[in-house]
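Letter by letter, the chains look like this.
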Amino acid sequence: MVTNTQEESVETRPRAVLTAPLTFDGESEVDYRAPNLLRRILSLLNNVRPGSDLTQFQLPPLFNIPKSQLQCLGESVYCIRNDLLSSCNDADSPEDRMVSVVAWIISIPRPLIFGVAPYNPILGETHHVSRGNLNIMLEQVSHHPPVSALHATDDQQGIEMIWCQQPVPKFYGTSVETEVLGKRQLNLRRFGETYVTNTPKLLIRFLPVPLVDWVGPVRITCKETGLEAELHYKSNVFGRRNNLRWISGRILDSTSSKTLFEINGHWDRVVTAKDISTGEVRVIYKAEESMSRLKAPYVKDPNGVSEKESAVVWSEVSRGILDKDWEKASEAKRSVEQRQRELKKERESRGERWAPKHFNVNYSKEKGWDCSPIAGQVPPAPIIVPL
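Let us look at the structure shown here. Values in this document were obtained by computation on a predicted structure and should not be read as measured data.

What the chain contains, in helices and strands, is eight helices and 21 strands. By residue count, 52% of the 387 residues in the chain fall in the buried class. Contacts in the chain between residues far apart in sequence, at least 24 positions, make up 61% of those at least 6 positions apart. As displayed, the chain offers around 18,500 Å² of accessible surface, 49% of which is attributable to carbon and sulfur atoms.

A contiguous patch of negative charge on the surface is contributed by Asp323, Asp325, Glu327 and Glu331. By secondary structure assignment, the location of glutamate 331 is in helix 8 (residues 326-350).

Turning to its location among the elements, serine 318 is positioned in helix 7 (residues 315-322). The residues contacting serine 318, other than those within four sequence positions of it, are Val17, Pro66, Lys67 and Tyr119.

For the coordinates displayed, the defined rule picks out three aromatic pairs. Considering the side-chain rings of phenylalanine 114 and phenylalanine 206, the 6.2 Å spacing of their centres and the 65° angle between planes classify their relative orientation as edge-to-face. One end of the pair, phenylalanine 114, is in the loop between helix 4 (94-106) and strand 3 (117-119); the other, phenylalanine 206, is in the loop between strand 10 (201-205) and strand 11 (211-222), with 92 residues separating them in the sequence. Overall, phenylalanine 114 belongs to the buried group, its relative accessible area being 14%. Between the aromatic rings of tyrosine 119 and tryptophan 314, the centroid separation amounts to 4.6 Å while the plane-to-plane angle is 25°, which identifies the pairing as stacked. With tyrosine 119 in strand 3 and tryptophan 314 in the loop between helix 6 (310-313) and helix 7, this residue pair connects regions lying 195 residues apart in the sequence. When its relative accessible area of 0% is taken as the criterion, tyrosine 119 is described as buried. We note arginine 97 situated over the ring of phenylalanine 191; from NZ or CZ to the ring centre the distance is 3.8 Å. Lying over the aromatic face of tryptophan 163, arginine 184 brings its terminal NZ or CZ to 4.0 Å of the ring centre.

Among the nonpolar cores identified, the biggest contains 63 residues, and Trp104, Ile106, Met161 and Ile220 are the most heavily contacted of them. Ranked by residue count, the leading element in this core is helix 4, at eight residues. Excluding residues that lie within four positions of it along the chain, isoleucine 220 makes contacts with Met98, Val101, Val102, Ile105, Tyr195, Val196, Thr197, Leu227, Glu228, Ala229 and Leu231. Formed by nine residues, the second largest nonpolar core is a distinct cluster that contains Val313, Ile321, Ala329 and Ala332.

So, on to helix 2 (residues 69-78). Of all 10 residues that make up helix 2, nine are buried, and the element is covered over most of its length. Of the residues making up helix 2, those classed as buried are Leu70, Gln71, Cys72, Leu73, Gly74, Glu75, Ser76, Val77 and Tyr78. The backbone nitrogen of leucine 70 has a side-chain oxygen 3.1 Å away, supplied by the residue at the start of helix 2, namely serine 68.

In this structure, strand 19 (residues 359-364) lies alongside strand 20 (residues 368-373), joined through six bridges in antiparallel fashion. Bridge pairing in strand 20 links asparagine 362 to aspartate 370. Between strand 19 and strand 20, which pair antiparallel one after the other, the connecting turn spans three residues.

Our next topic: helix 4. For helix 4, with 13 residues, the first-to-last C-alpha span of 18 Å sits near the 18 Å given by 1.5 Å per residue. Taken across its 13 residues, helix 4 has 10 buried, putting it largely inside the fold. For helix 4, every residue scored as buried is listed here: Arg97, Met98, Val99, Ser100, Val101, Val102, Ala103, Trp104, Ile105 and Ile106.

With that settled, consider the pattern of salt bridges. The tally for this structure, following the rule as stated, stands at 15 salt bridges. Among the salt bridges present, the one from arginine 339 reaches glutamate 342, with a minimum N-O distance of 3.5 Å. Here glutamate 342 and arginine 339 lie together in helix 8, a separation of three residues that amounts to about one turn. With relative accessibility at 34%, the residue glutamate 342 sits in the partly exposed group. Via salt bridges that share partners, Asp155, Glu160 and Arg189 belong to a single interconnected network.

Contact geometry for helix 7 and helix 8: axes closest at 7 Å, N-to-C directions at 165°. Taken together, the axes of helix 7 and helix 8 lie roughly antiparallel to each other. In this structure, the crossing between helix 7 and helix 8 has a hand that is left-handed. Note on element contacts: helix 8 touches helix 7 through Trp326, Lys328, Ala329, Ala332 and Lys333, opposite Glu316, Val317, Arg319, Gly320 and Ile321. Class assignment for the residues of the contact of helix 7 with helix 8 results in five nonpolar, one polar and four charged.

Scoring rules and cut-offs
Residues numbered from 1 in each chain as written. Predicted model: local features only at pLDDT ≥ 70, side-chain atom pairs only at ≥ 80, totals over all residues. Heavy atoms only, no water. Helix = DSSP H or I, 4+ residues; strand = E, 2+ residues; numbered from the N terminus. Buried < 20%, exposed > 50% of the residue type's maximum accessible area, 1.4 Å probe, protein only. Contact = heavy atoms within 4.5 Å. Areas by Shrake-Rupley, 256 points an atom, 1.4 Å probe, with all protein chains shown as cover. Patch = residues over 30% accessible without salt bridge, like charges linked within 9 Å, V, L, I, M, F, W, Y side chains within 5 Å. Salt bridge = Lys/Arg side-chain N within 4 Å of Asp/Glu carboxyl O. Lys, Arg positive; Asp, Glu negative; His and termini not counted. Charge placed at Lys NZ, Arg CZ, Asp CG, Glu CD. Phe/Tyr/Trp six-rings, centres within 6.5 Å; stacked < 30°, edge-to-face > 60°. Lys NZ or Arg CZ within 6 Å of the ring centre and 35° of its normal. Core = buried A, V, L, I, M, F, W, Y, C linked by side-chain atoms within 4.5 Å. Polar contact = N/O pair within 3.5 Å; in protein donor to acceptor, adjacent residues only side chain to side chain. Pairing = 2+ DSSP bridges. Expected span 1.5 Å × (residues − 1). Axes fitted to C-alpha atoms, helices over the stretch in contact; angles between N-to-C directions. Parallel < 35°, antiparallel > 145°, perpendicular 65-115°, else oblique. Left-handed = near helix turned anticlockwise from the far one by under 90°. Nonpolar A, V, L, I, M, F, W, Y, C, P; charged D, E, K, R; others polar.

So, in structure tokens, the structure goes:
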């Protein structure tokens, strides 16, 4: 038997806690960290062997920011000041559309705060948000291993996104490196084009200089046009700002391997594209225009908010962190985790198998995880992002 848990009444449900997204101008303004954090982190990892998989490693609230990983994933789509996504749909030529897609994909990785991380989503946790005509639904479709799925649609623009990803963090003595398995798809229905991309790795380094950064190769393909993009996110071992968050790459014709554009810059500042045929260099992405002065989402319709909504599930934990009441946050987090253990035992005793509500999920060793949305469109959400 396959089941989904019943929703509880709105009156007894905790109020959602929604906090401002992480932005470049907020890195120094928002600080959820506890004192002596580096020393605490090294102590926490003291008994972890290098090469260990940290997927099931549980962090105390002292090391959490007040939001779920599912919310952070959603924010990478809906928290942006200018509409780079619509620009992908406005370009006339396949080449210009690929340049616009590259700029949008560069906007997705967000700055993180060293020493703290979001909550690990519970099984069946959801995050449903709307920004203008773009409606986004996320669901945690597996807990062990952790797999998150995203479906977003803008019917007016004819845009659809389907993401499925599994983070695999590993400890390497002086650093933690998280490989993000799975793929992300962007469908531009107006042109009948699908862009498929992977995700860079997340690097958290403790020594010699504490640092958190995105690194590694990203490949974007579009079979319909034959165009590809190769991007490389790079960091600097000594943490020098001029070499931090550097990105380079190219856009090419896959049939001839001919380079059409060269990509260079820093994903937290400015990125340019050089047209090889003309020598023209143009700015395709400015982080300040896209990532500064972002506002927190708000609840427009309390009755429409699910009990599985991230901002509800973790509300008491988030309140404790925001108040720096670590005892309250720890107690609330234990309560959330204990409730999940109880629900798992109840399902097992009844012989029930849990199933996602919004996605059909398949796994194979050859292809990995595949998350297909059950509905063709995502409905408007009870949580709204201010434009």
